[in-house]
Structures are given as C-alpha cells and as structure tokens.
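Understanding the architecture of this molecule
Each chain, written out:
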Amino acid sequence: MIQDSARSDLGAPSRPCVICDADAGPQVFESRLDVCGLGPVSFGVRCCAACGMVQQSPAVSGEVLAQQYRLFSNYTQFDQGDPPLSAPAARMLALLERRGIAPGRVYDVGAATGAALWHFRQRGWTVSGCDPSPKAVEQASQANGIALDLGDEHETLPPLADLDLITFSHVIEHLFHPRETLARARRALAPSGLLLFEVPCLAAPEINPPGLFMLEHLSYFDEASVRNLMAATGFEMLDSQVTVDNWPFPVITVLARRAPDAAPAASLVSGFDAALDFCERYAATDDAAWARSDARLRAAIAPGEAVCVWGAGIHTSTLLERTSLASHARLVAITDRDEQKHGHALGPYRIAPPDEVLALGLKVVISSYVSEAAIARALLDAGLPSERIVRLYTDAG
C-alpha cells in the first residue's frame with residue numbers, strides 16, 4: 001500500500017534520506033513480521049520526494065540487525081580447494097579489465113572468507129580487506145591465505161591511506177549511513193584511487209522476486225540514486241552496468257574515481273518519478289506472486305491438514321504474513337538445515353532439526369524462492385515422496 005506522505009502506521013520515527021537528507025515522500029511498503037530468533041519486527045520503505053532514493057523508513061533498529069547477523073550469518077566455505085568465482089566478483093573484475101585498470105592495492109570491505117580477493121590476487125592485485133565476523137576472518141586466512149582486518153569499516157578504514165581500489169560487493173545496501181562510509185573510503189584512497197561496488201538495482205519490476213523489500217536491506221538503489229550517491233560523496237562515475245537477468249534480482253556494478261578535493265560538488269538529479277513508478281509496479285507484482293503462492297498452498301493442502309515448513313528465514317516470516325497457510329492448514333513445525341536456527345522460535349513455532357520433522361510423515365511446504373528446486377531435490381534424495389512436497393514457485397519434474 002502506497003501512502004501519500006512520509007507518515008507511517010508503524011509508530012517508529014521516519015529516517016531522513018541517506019543521500020539528500022530530505023524527510024518527505026510516499027510510503028511504498030510496510031511490513032510486520034515474526035522473525036526467527038528476533039520476535040516481532042516492523043519496518044517501512046519510503047521513496048524520497050526530493051531525489052527519489054528508496055530506503056527503509058522507519059527502519060529496523062541497529063540492535064535488531066546486529067542480532068540477526070550475530071545469530072544467523074553463515075560464512076562457512078564448504079568447498080575445498082580454490083574458491084569459485086562468484087558472479088558479482090566476475091562482473092567487478094570484468095569492469096576493471098574493460099577499463100584497462102592496472103592491478104594495485106585493493107581493499108575489500110565486507111570480504112567474508114576472502115573468496116573474491118583470492119581471484120583479485122590471481123590477477124596481480126595486492127589484496128587486503130575487512131569483515132566483522134571472526135569466523136570469516138579465520139576462514140579467509142586458513143582456506144584462502146588472505147589476512148583480513150577484523151572489524152567494521154568505521155574501525156578499519158580510517159588508518160588506511162593511498163589505496164588504489166576499495167571494493168564493496170553487496171554491502172552498501174546493508175548500511176545505515178552509506179554517505180559516511182563512502183567518505184571514509186574516499187579518504188583512504190590515493191588521489192586518483194577507485195571505488196568499485198555492486199548493489200541490487202531497482203529495474204524490471206515484473207521479474208523481481210517476492211519479498212524484494214527485506215529486513216536486511218536498508219537502501220534500494222537504481223541508476224539515478226547511484227549517481228546521486230557518488231555526487232554526494234566526492235566521486236566521479238567512470239562506468240556502470242545494470243545486469244537485469246541476474247538471479248534473484250537485477251544488480252548494478254559501478255566504477256568511480258575519487259574526485260579532486262577542489263572539484264565543485266556535482267548537482268543531484270531527481271529520480272523520484274522513475275523510482276515511484278518502479279515501486280508501484282513492483283507492489284502489484286509482489287501481490288500477484290503471493291496470491292499465486294496462496295493458491296498453490298490451498299490446492300495442495302486440505303483444510304486443517306497437518307503440515308511442516310522447510311525454511312526458517314525471512315521468506316517464511318513473509319509467507320505466514322502474506323498467505324493463509326497458518327489458518328488454512330495446521331502448521332505443526334518449521335525446520336531448517338541451518339543448525340544455528342534450531343531451538344529458536346518463529347512466532348509460536350519452534351524450529352526443529354530436519355530429521356525430527358521428516359519423521360512426522362507430513363507434507364512439507366518448501367519456503368524458499370531462491371533454493372526451492374535444490375531443497376526439493378534434497379528431500380527427494382532423502383526418500384520423501386513427491387506428493388508430500390509442496391512447492392510454491394516451481395513444478396515437479
């Protein structure tokens with residue numbers, strides 16, 4: 001539901017625009033969820049009336065996000081040997097090579113296990129980076145031979161100077177204050193240093209997944225808001241690429257250069273009309289997607305039939321909010337293969353280990369847009385009959 005002002009029914013204060021500081025614009029989304037391990041969580045999404053930036057407002061609290069990451073972030077690198085080249089890292093490296101950028105010193109913010117840096121090193125870069133997870137830093141060293149700084153960027157960037165390149169791969173959308181972060185990055189760069197990042201992009205609303213506006217993403221960028229963010233933080237755009245057919249949502253990959261200190265600040269452009277149009281069209285797409293999922297549930301499950309749900313993430317929280325599953329069926333248990341979730345609760349439902357739930361012999365609703373096909377294959381391999389597997393997005397076969 002899109003409201004006509006910056007006011008929200010959620011009861012929390014609005015959040016000024018992270019780019020232009022304006023505090024007005026229509027509310028384009030609101031959510032009230034029971035989240036595994038966190039309890040009731042509410043947030044809204046607003047489109048800035050001045051520049052068109054789309055962001056959480058009111059936003060979840062920093063304490064809630066910190067608890068979410070602390071409880072359930074999983075940095076385990078399961079594969080042995082050389083780390084695979086992820087799609088974001090491949091796009092970022094390709095953008096550097098297309099521009100003819102010679103290797104130098106690169107610092108990756110939010111480096112996780114250092115897999116992307118491993119591939120930068122293979123191409124001649126001198127690599128370093130940071131991550132707030134001790135487990136990630138340990139794995140980066142042990143699995144990939146990369147020494148990372150332990151901490152957030154506000155701790156690790158200030159002592160640095162004269163870097164040739166700073167990278168952020170799917171990090172900036174998680175930040176409460178991206179302007180301040182990029183200001184620190186700018187100061188850590190050499191005078192001609194480069195910024196390279198990738199974020200989800202508000203493009204092609206009809207192909208975006210259900211639940212695009214999610215708990216962990218505080219900012220939602222498009223081409224205009226990316227340009228405004230660069231202008232507001234002292235960077236000159238050099239190149240960008242929107243990948244619409246990326247799974248599960250479009251992304252934009254951006255290369256920018258630190259602008260000279262004496263350069264006049266670039267003017268912001270208004271992307272409001274395009275951003276609001278995206279949000280309105282996506283709202284209709286999202287409503288239709290959840291309606292289709294509800295129809296699938298009702299077709300596969302008899303009224304009052306006992307069922308279980310596979311998946312204890314945000315998708316399940318949203319599934320319980322946006323469909324009639326809890327009222328149409330008798331939901332007995334929720335399971336997840338992530339052992340970190342076992343023993344926690346999602347609303348009134350305890351998260352149980354998979355073996356315990358599968359032993360009940362009930363139908364299993366797969367609650368995952370991204371991993372539905374893979375989970376279905378795993379359940380079939382475990383001996384669960386196809387007729388007891390309820391899919392929301394894909395068909396058996």
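Right, let's walk through the structure included here. (Residues numbered from 1 in each chain as written. Predicted model: local features only at pLDDT ≥ 70, side-chain atom pairs only at ≥ 80, totals over all residues. Heavy atoms only, no water.)

Glancing now at the overall build of the protein. Along the protein, the regular secondary structure elements total twelve helices and 17 strands. Expected size for 397 residues packed as a compact globule is a radius of gyration near 21 Å; at 22 Å, the protein falls within 12% of this value. Overall size of the protein, expressed as C-alpha extent along the three principal axes, is 70 × 55 × 35 Å. Going through the 397 residues of the protein one by one, you find that 52% of them count as buried. Restricting to contacts in the protein with at least 6 residues of sequence separation, those with at least 24 account for 68%. For the protein, the accessible surface area stands at approximately 17200 Å², while carbon and sulfur atoms represent 52% of it. (Helix = DSSP H or I, 4+ residues; strand = E, 2+ residues; numbered from the N terminus. Rg over C-alpha atoms; globule rule 2.2 N^0.38 Å. Buried < 20%, exposed > 50% of the residue type's maximum accessible area, 1.4 Å probe, protein only. Contact = heavy atoms within 4.5 Å. Areas by Shrake-Rupley, 256 points an atom, 1.4 Å probe, with all protein chains shown as cover.)

We now examine the nonpolar core. Formed by 33 residues in total, the largest nonpolar core has its most connected members in Met-53, Ile-166, Phe-168, Ile-172, Leu-182, Phe-197 and Met-230. Contributing elements (two or more residues each) for this core: strand S4 (105-109), strand S7 (163-169), helix H6 (178-188), strand S8 (189-200), helix H7 (223-232) and strand S11 (251-258). Tallying contributions element by element places S8 first for this core, with four residues. Once you skip the residues sitting within four places of it in the chain, Met-53 turns out to touch Cys-17, Val-18, Ile-19, Arg-46, Cys-47, Cys-48, Ser-219, Tyr-220, Phe-221 and Ser-225. Counting 28 residues, the second-largest nonpolar core is a separate cluster that includes Val-35, Leu-202, Tyr-220 and Cys-279. (Core = buried A, V, L, I, M, F, W, Y, C linked by side-chain atoms within 4.5 Å.)

This paragraph deals with unusual backbone geometry. In this model, Ser-57 is joined to Pro-58 through a cis peptide bond whose omega is -5°. With respect to the helices, strands and loops of the structure, Pro-58 is situated in the loop between strand S3 (54-56) and helix H1 (62-72). Along the chain, Trp-247 connects to Pro-248 via a cis peptide bond; the corresponding omega equals 5°. Here the phi dihedral of Asp-162 falls at roughly 60°; this positive angle occurs in a residue that is not glycine. By the element assignment, Asp-162 lies in the loop between helix H5 (153-156) and S7. In this model, His-170 sits at a positive phi of 55°, which is unusual for a non-glycine residue. Its location among the elements puts His-170 in the loop between S7 and H6.

Tracing the chain through its elements places Pro-191 in strand S8. For Pro-191, a relative accessible area of 62% gives the class exposed. Sequence separation between Pro-191 and Asp-164 is 27 residues; the distance between their C-alpha atoms is 8.8 Å. Not counting residues within four places of it along the chain, the set of residues in contact with Pro-191 comprises Asp-162 and Arg-258.

The element helix H9 (residues 314-322) is extensively covered by neighbouring structure, given that seven of its nine residues are classed as buried. Buried within H9 are the following residues: Ile-314, His-315, Thr-316, Ser-317, Thr-318, Leu-319 and Leu-320.

Okay, the sheet that holds S4 next. Read across the open sheet, the seven strands follow the order S6-S5-S4-S7-S8-S11-S10; overall the sheet is mixed. The open sheet has two free edges, formed respectively by strand S6 (149-150) and strand S10 (235-243), since each of these has just one partner strand. Here S7 pairs with S8 via six bridges, running parallel. The residue of S8 that forms the bridge with Ile-166 is Leu-195. With respect to the sheet, H7 is in contact with S8, S10 and S11, its orientation differing from that of S10 by roughly 160°. (Pairing = 2+ DSSP bridges. Axes fitted to C-alpha atoms, helices over the stretch in contact; angles between N-to-C directions.)

We now examine the packing of helix H8 (residues 272-300) against H9. Look at H8 against H9: their axes get within 10 Å of each other, and the N-to-C directions meet at 80°. What the angle tells us is that H8 and H9 run roughly perpendicular. Taken together, the residues of H9 that come into contact with H8 (itself represented by Asp-286, Asp-287, Trp-290 and Leu-297) are His-315, Thr-318, Leu-319 and Arg-322. Taken together, the residues that form the contact of H8 with H9 break down as three nonpolar, two polar and three charged. (Parallel < 35°, antiparallel > 145°, perpendicular 65-115°, else oblique. Nonpolar A, V, L, I, M, F, W, Y, C, P; charged D, E, K, R; others polar.)

In the case of a regular strand, side chains alternate between the two sheet surfaces. Of all twelve residues that make up S8, ten are buried, and the element is covered over most of its length. Tracing the backbone out of S7, into H6 and back to the parallel element S8 gives a crossover that is right-handed. In terms of strand pairing, S8 meets S11 through seven bridges, oriented antiparallel. By the bridge assignment, Leu-194 is partnered in S11 with Arg-257. (Right-handed = clockwise from strand over helix to strand, strands pointing away.)

Moving on, we come to the packing of aromatic side chains. Following the criterion strictly, the structure yields eight aromatic pairs and no others. Ring geometry for Phe-29 against Phe-43: centres 6.1 Å apart, planes inclined by 45°, an arrangement best described as tilted. One end of the pair, Phe-29, is in strand S1 (residues 27-35); the other, Phe-43, is in strand S2 (residues 39-47), with 14 residues separating them in the sequence. The two residues Phe-29 and Phe-43 agree in class, both being buried. When the centroid spacing of 5.5 Å and the interplanar angle of 45° are considered together, the rings of Phe-29 and Phe-213 count as tilted. (Phe/Tyr/Trp six-rings, centres within 6.5 Å; stacked < 30°, edge-to-face > 60°.)

Moving on, we get to the pairing of strand S16 (residues 363-366). Neither face of S16 is left uncovered, since the one carrying Lys-363 and Val-365 and the one carrying Val-364 and Ile-366 both have all their residues buried. Of the strand pairs in this sheet, strand S12 (residues 306-310) and S16 are connected by four bridges, and their pairing is parallel. Across the sheet, Cys-308 pairs through a bridge with Val-364, a residue of S16. Here S16 runs beside strand S17 (residues 389-390); their pairing, made up of two bridges, is parallel. Across the sheet, the residue bridging to Val-364 is Ile-389, located in S17. Once you follow S16 into helix H12 (residues 372-381) and on to S17, the crossover reads as right-handed.

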